[in-house]
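Spelled out from the first residue to the last, the chains are:
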Amino acid sequence: MKIYRTEYPNPQFQRADWQSLNGEWDFGFKKAVPGFRFSADERAAVKIHERNRYPFTIHVPFCIESELSGIGYTGFVNMVWYRRKVNVRKGDKKVFLHIGAADYLTTVLVNSKPVGRHSGGYTSLGFDITDFVSDGENEIFILCEDSVKNPMVMRGKQSERKKSHGCDYTRTTGIWQSVYLEYVPQSYIKNFKIYPNVRNCSVTINADFEGVEDFSCNVLYKGRIVGTAEQKQACSDLIFEIKLSEKHLWEIGQGRLYDIKMTFGKDKVRSYFGLRNVRLDGFRFLINEKSIFQRLVLDQGFYKQGIYTAPDEKDFMHDIRISMDLGFNGARLHQKVFEPRFLYHCDKMGYIVWGEYANWGLDYSSPDGLAVFLSEWAQVLNRDFNHPSIIGWCPFNETWDYHGRRQYDALLSTVYDYTKSVDPTRPCIDTSGNFHVKTDIYDVHDYSYDTQTFKANYDRLVDENTLYEHVLIDHPGRQQYGGQPVFVSEYGGIKWETDSTVKSWGYGKDVKTPDEFAKRYCGLTKALISNQKMFGFCYTQLYDIEQEQNGLYTYERNKKFSDDIYRKIKTVNTIPAEIEEEKADTD
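Note that the coordinates shown come from a computational prediction; the quantities given were computed from them, not determined experimentally.

**Side note on unusual backbone geometry**
Right, on to step 1. A cis amide bond, omega -10 degrees, links Asn 434 with the succeeding residue Phe 435.
Right, on to step 2. Note that Phe 435 resides in the loop between strand 28 (431-432) and strand 29 (442-446).
Right, on to step 3. With omega at 0 degrees, the peptide bond leading from Thr 540 into Gln 541 counts as cis.
Right, on to step 4. Position of Gln 541 among the secondary structure elements: in the loop between strand 31 (534-540) and helix 9 (563-573).
Right, on to step 5. Even without a glycine there, the phi angle at Gln 335 is positive, about 55 degrees.

See the structure below:
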């Protein structure tokens, strides 16, 4: 049997001594029932384990709904459970069990004993199972409980109806990222944050340790040591700066990553960073003090055979490459927390991205949503802080009122404040599209079809310093434009049907020919690039997903148009932007 996704899952925090647990697991599941409630504690997992019912085999890390799981059941599911015998090489080391992500409430038993629980379908899980395992064969049991209809569960783009519809797609239940063991010395590196400094050509690292040991750190560029640091008897919260003897900037299309090798006693960890900074300057978005027009495309991270899970690491590189081939320099990672391995390839290829959370499904009219959201979002900020490709955070997307109840504004403002306190190095958009409460950037979703009206509306931003967009007009008083930098973070979405077996969905349904498609795409895009106060756009979207057929490629990532049409798209995408020219004129 082929075992998928055997690469190390997190290149930002990599140890040599690890063991992949991807592959076949014994498996069972329970279809959804009315009135389902999450279990109060680990006893539910213990009872299911004791029943010893595993009628299926599943291929981890693929969800039950996917073809590659070997099951492909797409109905509603409340519970899934997994069991596997694992040979452990414990020795004198600690043993950690890692699950990249599992949706939603996950309980882990090791040798029939509960070791921990985790809430959240998009954040990483880690359990110290040292005291529960011994050398030789051990049993791991994992229970995942899920409900896309629970108002305190964030589902992202997973359909809350039985079938996919509109811009919601096949659900993901249970494990959907790699499972692995990691063997760690008794004293070890727990976490670290990396702060590059372009002006000083240095990097500051804030490291957290378990225990007290001698510490050393080497920074390398293409194998050459360009900076070092040492600390005798280091302990928690060590902050140190390393001057770099060579300066290589992380830029668009040029990752130029520095490698890091850290040693803490017997623990050895490899990581990397990019030497870059980002900041806002009036209406401009600066990367390394250069005005960069963000030519982004919406990427939702779905795969036909694996749903949320890419069948192969090469799929990540391919998605980035086909985007760059059309003149895009980055993506808005939409309604999903992408795998660290995807972000690693963005880092390597100099591909800028916005980090977002999968907030759809949450009742953001309720104050109770704050604790739920913040606990999960905090884990995202901690896991992904060091990625140079992430140039901004956007915790929410389109917080339309929940079943007629107005959004709880304190939810958005508190999450914004928390995000900025944890990471003051990046801008934060409180909610993409609407309804803005407290934000560094005023972004807009605009699926207007008429290119002349589209351009005229945003020309008013230049001529009158006024935004003329549908949320301000249709929902007066719900949000106010305060002169922030502007970003049209969703537009276009022009439907072009390629799969007649499904009832397709998309915007701009009146486009009849490829030439009409290209004319509309070019007209809308040029209107944004030529605007002196617009720092970026994000086109919807890179590829079709199931019935939503407004991608530039098919769901399989095949071409939808002729090479001539793609040349027109790339040509307009790469026109020099007015806001970049403005920077050149002031140098």
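**Concerning the packing of helix 6 (residues 451-464) against helix 8 (residues 514-529)**
In a packed pair of helices, the relevant descriptors are the angle between the two axes and the axis-to-axis distance.
Right, on to step 1. Close contact between helix 6 and helix 8 brings their axes to 9 Å; oriented N to C, the two are set at 10 degrees. Classified by the angle their axes make, helix 6 and helix 8 are roughly parallel. Residues Thr 451, Phe 454, Lys 455 and Tyr 458 of helix 6 pack against Arg 520, Gly 523, Leu 524, Ala 527 and Leu 528 of helix 8.
Right, on to step 2. For the contact of helix 6 with helix 8, the residue count by class is 5 nonpolar, 2 polar and 2 charged.

**A look at the side chain of Arg 155**
Right, on to step 1. With respect to the helices, strands and loops of the structure, Arg 155 is situated in the loop between strand 10 (136-145) and strand 11 (174-175).
Right, on to step 2. Separated by 3.2 Å, the side chains of Arg 155 and Asp 168 make a polar contact.
Right, on to step 3. If we ignore the near neighbours within four places in the chain, the residues touching Arg 155 are Tyr 122, Val 148, Glu 160, Asp 168, Tyr 308, Ala 358, Trp 360 and Gly 361.

**Brief notes about the pairing of strand 30 (residues 486-492)**
Right, on to step 1. With 7 of its 7 residues buried, strand 30 lies for the most part within the structure.
Right, on to step 2. Across 5 bridges, strand 29 lies against strand 30 in parallel orientation. Note that in strand 30 the partner of His 445 across the bridge is Glu 490.
Right, on to step 3. Note that strand 30 and strand 31 share 4 bridges and pair parallel. What sits directly across from Val 486, in strand 31, is Met 534.
Right, on to step 4. You can see the chain leave strand 30, run along helix 8 and come back into strand 31, and the turn it takes is right-handed.

**A few points about the sheet that holds strand 1 (residues 18-20)**
Consider a sheet: its strands pair through backbone hydrogen bonds, and that pairing is either parallel or antiparallel.
Right, on to step 1. The strand order 1-12-5-9 describes an open sheet built from 4 strands, whose pairing is antiparallel. The sheet is open, and its two borders are formed by strand 1 and strand 9 (125-128), each paired with just one other strand. The mean angle between the axes of side-by-side strands here comes to 20 degrees, regardless of whether they run parallel or antiparallel.

**As for the side chain of Asp 423**
Right, on to step 1. Position of Asp 423 among the secondary structure elements: in the loop between helix 5 (409-422) and strand 28.
Right, on to step 2. Side chain to side chain, Asp 423 and Trp 393 meet in a polar contact 2.7 Å long.
Right, on to step 3. A polar contact of 2.5 Å, which involves the side chain of Asp 423, links it to the side chain of Thr 425.
Right, on to step 4. Aside from chain neighbours lying at most four places away, what touches Asp 423 is Phe 385 and Trp 393.

**Focus: the environment of His 475**
Right, on to step 1. Position of His 475 relative to the elements: it lies in the loop between helix 7 (470-474) and strand 30.
Right, on to step 2. Look at His 475 and you get partly exposed, because its relative accessible area is 27%.
Right, on to step 3. With 41 residues separating them along the chain, His 475 and Asn 434 place their C-alpha atoms 9.9 Å apart.
Right, on to step 4. When near neighbours in sequence (up to four residues on either side) are disregarded, His 475 contacts Trp 400, Phe 435 and His 470.

**A closer look at the sheet that holds strand 31**
Right, on to step 1. An order of 26-25-24-23-31-30-29 is seen for the 7 strands of this open sheet, with the pairing classed as parallel. Single-partner strands in this sheet number two, and they are strand 26 (390-394) and strand 29. Strand-to-strand twist across the sheet, computed as the mean angle between neighbouring axes with direction ignored, equals 25 degrees.
Right, on to step 2. Inspection of the sheet shows strand 23 (residues 294-299) paired to strand 31 by 4 bridges, in the parallel sense. Counted as the bridge partner of Val 297 is Tyr 539 from strand 31.
Right, on to step 3. The sheet strands contacting helix 4 (residues 368-384) are strand 25 (352-356) and strand 26, and the helix crosses strand 26 at an angle near 175 degrees.

**Brief notes about the pattern of salt bridges**
Right, on to step 1. Evaluation of the coordinates by the stated rule reveals 40 salt bridges.
Right, on to step 2. Arg 256 is paired through a salt bridge with Glu 251; the nearest N and O atoms lie 2.8 Å apart.
Right, on to step 3. Take Arg 256: its relative accessible area is 28%, and that puts it in the partly exposed class.
Right, on to step 4. Assessed through its relative accessible area of 23%, Glu 251 is described here as partly exposed.

**Comments concerning the nonpolar core**
For soluble globular proteins, the rule of thumb is that nonpolar side chains tend to be buried together.
Right, on to step 1. Counting residues in each nonpolar core, the largest one holds 105 residues, and the members touching the most others are Trp 354, Phe 373, Tyr 491, Phe 517, Tyr 521 and Leu 552.
Right, on to step 2. If we ignore the near neighbours within four places in the chain, the residues touching Tyr 491 are Asp 446, Tyr 447, Phe 454, Tyr 521, Leu 524, Thr 525, Leu 528, Phe 537, Cys 538, Tyr 539 and Thr 540.
Right, on to step 3. Membership of the second largest hydrophobic core comes to 30 residues, among which are Ile 64, Leu 97, Ala 102 and Ile 140.

**What to know about the packing of aromatic side chains**
Right, on to step 1. Scanning the entire structure with this criterion turns up 55 aromatic pairs.
Right, on to step 2. Relative to Tyr 308, the ring of Trp 176 has its centre 4.9 Å away and its plane inclined at 55 degrees; by these criteria the two rings are tilted. Taken together, the residues span a long stretch of sequence, with Trp 176 in the loop between strand 11 and strand 12 (179-184) and Tyr 308 in the loop between strand 23 and helix 2 (313-325) at a distance of 132 residues.
Right, on to step 3. Look at Trp 176 and you get buried, because its relative accessible area is 0%.

**Some words on helix 5**
Right, on to step 1. Along its 14 residues, helix 5 runs 20 Å from first to last C-alpha, staying within 8% of the 20 Å computed at 1.5 Å per residue.
Right, on to step 2. Every buried residue belonging to helix 5 is among Leu 411, Leu 412, Ser 413, Val 415, Tyr 416, Thr 419 and Val 422, and all of these are buried.
Right, on to step 3. Buried-residue contacts for helix 5 involve strand 13 (188-197), helix 4, strand 26, strand 27 (396-397) and strand 28.

**Overview of helix 8**
Right, on to step 1. Under the 1.5 Å per step criterion, the end-to-end length of helix 8 is 22 Å for 16 residues, consistent within 8% with the ideal 22 Å.
Right, on to step 2. Those residues of helix 8 lying buried are Phe 517, Ala 518, Arg 520, Tyr 521, Leu 524, Thr 525, Ala 527, Leu 528 and Ile 529.

**Structural notes on the packing of helix 8 against helix 9**
Right, on to step 1. Viewed as axis vectors pointing N to C, helix 8 and helix 9 meet at an angle of 5 degrees, and their least axial separation amounts to 9 Å. In terms of axis orientation, helix 8 runs roughly parallel to helix 9. Each of Pro 514, Asp 515, Phe 517, Ala 518, Tyr 521, Cys 522, Thr 525, Lys 526 and Ile 529 in helix 8 lies in contact with helix 9, whose residues at this interface are Ile 565, Lys 568, Ile 569, Val 572 and Asn 573.
Right, on to step 2. Of the residues in the contact of helix 8 with helix 9, the class split is 9 nonpolar, 2 polar and 3 charged.

Rules used in this analysis
- All residue numbers refer to positions counted from 1 along the written sequence of the respective chain.
- At least 70 in pLDDT is required for a residue's local features to be given in this predicted model, at least 80 for side-chain atom pairs to be given and counted, and no such filter applies to totals for whole chains, interfaces and linings, which use all residues.
- Calculation of side-chain values draws on the structure's entire complement of heavy atoms; hydrogens and water are dropped beforehand.
- Per the convention used, a helix needs a DSSP run of H or I reaching at least four residues, while a strand needs a run of E reaching at least two, with both numbered from the N terminus.
- Lines are fitted to the C-alpha atoms to define the axes, a helix being fitted only along its stretch in contact, and any angle between axes, read from their N-to-C directions, falls within 0 to 180 degrees.
- An angle below 35 degrees is read as roughly parallel, one above 145 as roughly antiparallel, one from 65 to 115 as roughly perpendicular, and any other as oblique.
- Contacts between residues were defined by any pair of non-hydrogen atoms, one from each residue, lying within 4.5 Å.
- Residues are grouped as follows: Ala, Val, Leu, Ile, Met, Phe, Trp, Tyr, Cys and Pro are nonpolar; Asp, Glu, Lys and Arg are charged; all remaining types, including Gly, are polar.
- In the analysis that follows, any N or O atom pair within 3.5 Å is treated as a polar contact, provided that within protein one partner can donate a hydrogen and the other can accept it, and provided that, for residues neighboring in sequence, both atoms belong to side chains.
- Only protein chains enter the calculation, and the probe is 1.4 Å; a residue is then buried if its accessible area is under 20% of its type maximum, exposed if over 50%, and partly exposed in between.
- Between any two strands, at least two bridges found by DSSP are needed for them to pair.
- Whether a crossover is right-handed comes down to one check: with the strands pointing away from the viewer, does the path from the first strand over the helix to the second run clockwise; if it does, it is right-handed.
- Salt bridges are defined as contacts in which a side-chain nitrogen from Lys or Arg sits within 4 Å of a carboxyl oxygen from Asp or Glu.
- Working definition of a nonpolar core: buried Ala, Val, Leu, Ile, Met, Phe, Trp, Tyr and Cys residues. They are joined through side-chain atoms within 4.5 Å.
- Two aromatic rings, drawn from Phe, Tyr or Trp (for Trp, its six-membered ring), form a pair once their centres lie within 6.5 Å of each other, and the interplanar angle then sorts them: stacked below 30 degrees, edge-to-face above 60, tilted otherwise.
- Given the number of residues in a helix, its expected span is that number minus one, multiplied by 1.5 Å.

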